Amino acid sequence: MEQASLWPKRLAIIGIALLVISIAALVSYSDDLESTIDPSRNSLISLDGGESEQINLSKDGSYLLFRLKDVPHNCTILENQTGTEITIGSPSFFENDRPGEDGELYYVVGTFVPDESGLHTIENSAVSGEIIWIVDQFDVDSSVVWITYASCCGIFCGSGLLPLSFILWRNKRKSGGKVGLVMQTADGMLVPIGPTEDG
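**Things to note about the side chain of Ser165**
Phase 1: Take Ser165: it is sitting in helix H5 (residues 142-176).
Phase 2: When sequence neighbours within four positions are dropped, the list of residues in contact with Ser165 reads Pro8, Leu11 and Ala12.

Here is the structure:
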């Protein structure tokens, strides 16, 4: 019984420790995370409207297209060896817009996976001034991403443990606040009389 009564306190301590460590890690790595996911800093290529350029792409990569406005991608990608145009699809639920270090929000406007590795020609057919950034979403500093992910999980778990410890503590107080009275009969048997409130 004594061992069980320690669980609310233990859970509360673990929850507070998780919150403190996770929040501290998240704050410490926030600048690194912004730099890691900022398309203007980690893009393979950036093209102004009307520009085109050749770049090597891998069929094992997965690429995202970003603009500063939520507009059609207006981008054409050709595989040089075959002249095949690469299909640019819509971003999935997990391929989100990204904030930049300059306070700008970069909208993901398309995603594609090349059919073959090799040289590709990318053309931005938008008007001048509408820049497009091509980002390999696998080419990131994984340590920063994993630390951020672990910190978010720690905050989630710590936030859940605190109310759980409070509920267990309340239940312990309610169950411990009543004392059962018993009466011993002539033949030595103990017969419960009924609980009474303690204090």
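Next comes the rest of the write-up.
**Focus: the pairing of strand S3 (residues 63-67)**
Phase 1: With respect to burial, S3 is a largely interior element, five of its five residues being buried.
Phase 2: Burial along S3 is two-sided: the residues Tyr63, Leu65 and Arg67 and Leu64 and Phe66 are all buried.
Phase 3: Bridge count between S3 and strand S6 (residues 105-112): five bridges; the pairing is antiparallel. When the sheet's bridge partners are listed, Leu64 is paired in S6 with Thr111.

**As for the environment of Arg170**
Phase 1: Tracing the backbone shows Arg170 in helix H5.
Phase 2: Judged by its relative accessible area of 38%, Arg170 is partly exposed.
Phase 3: Spatially, the C-alpha atom of Arg170 lies 9.2 Å from that of Pro8, the residues being 162 residues apart in sequence.

**Points about the sheet that holds strand S8 (residues 132-136)**
Phase 1: Judged by pairing direction, the sheet is antiparallel, and its five strands sit side by side in the order S1-S8-S3-S6-S5 without closing on themselves. Either end of the sheet is taken by a strand with one partner, and the two such strands are strand S1 (45-47) and strand S5 (98-99).
Phase 2: As judged from the three bridges shared by S1 and S8, these two strands associate in the antiparallel manner. By the bridge assignment, Leu47 is partnered in S8 with Ile132.

**Thoughts on a nonpolar patch on the surface**
Phase 1: Together, Trp7, Leu164 and Leu168 give the surface a local cluster of nonpolar side chains, amounting to about 260 Å² of exposed area.
Phase 2: Position of Trp7 among the secondary structure elements: in helix H2 (residues 7-28).
Phase 3: Given a relative accessible area of 43%, Trp7 falls into the partly exposed group.

**Details of the sheet that holds strand S7 (residues 118-124)**
Phase 1: Strand order in the open sheet formed by three strands is S2-S7-S4, with antiparallel pairing between adjacent strands. Each having just a single partner strand, strand S2 (52-57) and strand S4 (75-79) make up the two edges of the open sheet. Sheet twist, expressed as the average angle between the axes of neighbouring strands with direction ignored, equals 25°.
Phase 2: Of the strand pairs in this sheet, S4 and S7 are connected by five bridges, and their pairing is antiparallel.

**Thoughts on the environment of Val27**
Phase 1: Residue placement: Val27 occurs in helix H2.
Phase 2: Here Val27 falls in the exposed class, since its relative accessible area comes to 59%.
Phase 3: A sequence separation of 124 residues divides Val27 from Ser151, and the C-alpha atoms of the two residues are 9.6 Å apart.

**Concerning the layout of surface pockets**
Phase 1: Empty space within the second largest pocket amounts to approximately 240 Å³.
Phase 2: Residue lining of the second largest pocket: Leu64, Phe94, Glu95, Asn96, Asp97, Arg98 and Gln137, and that is the complete set.
Phase 3: In the lining of the second largest pocket, the residues fall into two nonpolar, two polar and three charged.

Calculation criteria
Residues numbered from 1 in each chain as written. Predicted model: local features only at pLDDT ≥ 70, side-chain atom pairs only at ≥ 80, totals over all residues. Heavy atoms only, no water. Helix = DSSP H or I, 4+ residues; strand = E, 2+ residues; numbered from the N terminus. Contact = heavy atoms within 4.5 Å. Buried < 20%, exposed > 50% of the residue type's maximum accessible area, 1.4 Å probe, protein only. Pairing = 2+ DSSP bridges. Patch = residues over 30% accessible without salt bridge, like charges linked within 9 Å, V, L, I, M, F, W, Y side chains within 5 Å. Areas by Shrake-Rupley, 256 points an atom, 1.4 Å probe, with all protein chains shown as cover. Salt bridge = Lys/Arg side-chain N within 4 Å of Asp/Glu carboxyl O. Axes fitted to C-alpha atoms, helices over the stretch in contact; angles between N-to-C directions. 1 Å grid on protein atoms, 1.4 Å probe; cavity = no way out; pocket = protein on both sides within 12 Å on 5 of 7 lines; lining within 4 Å. Points joined across faces, edges and corners; volume = space filled by probe spheres on them. Nonpolar A, V, L, I, M, F, W, Y, C, P; charged D, E, K, R; others polar.

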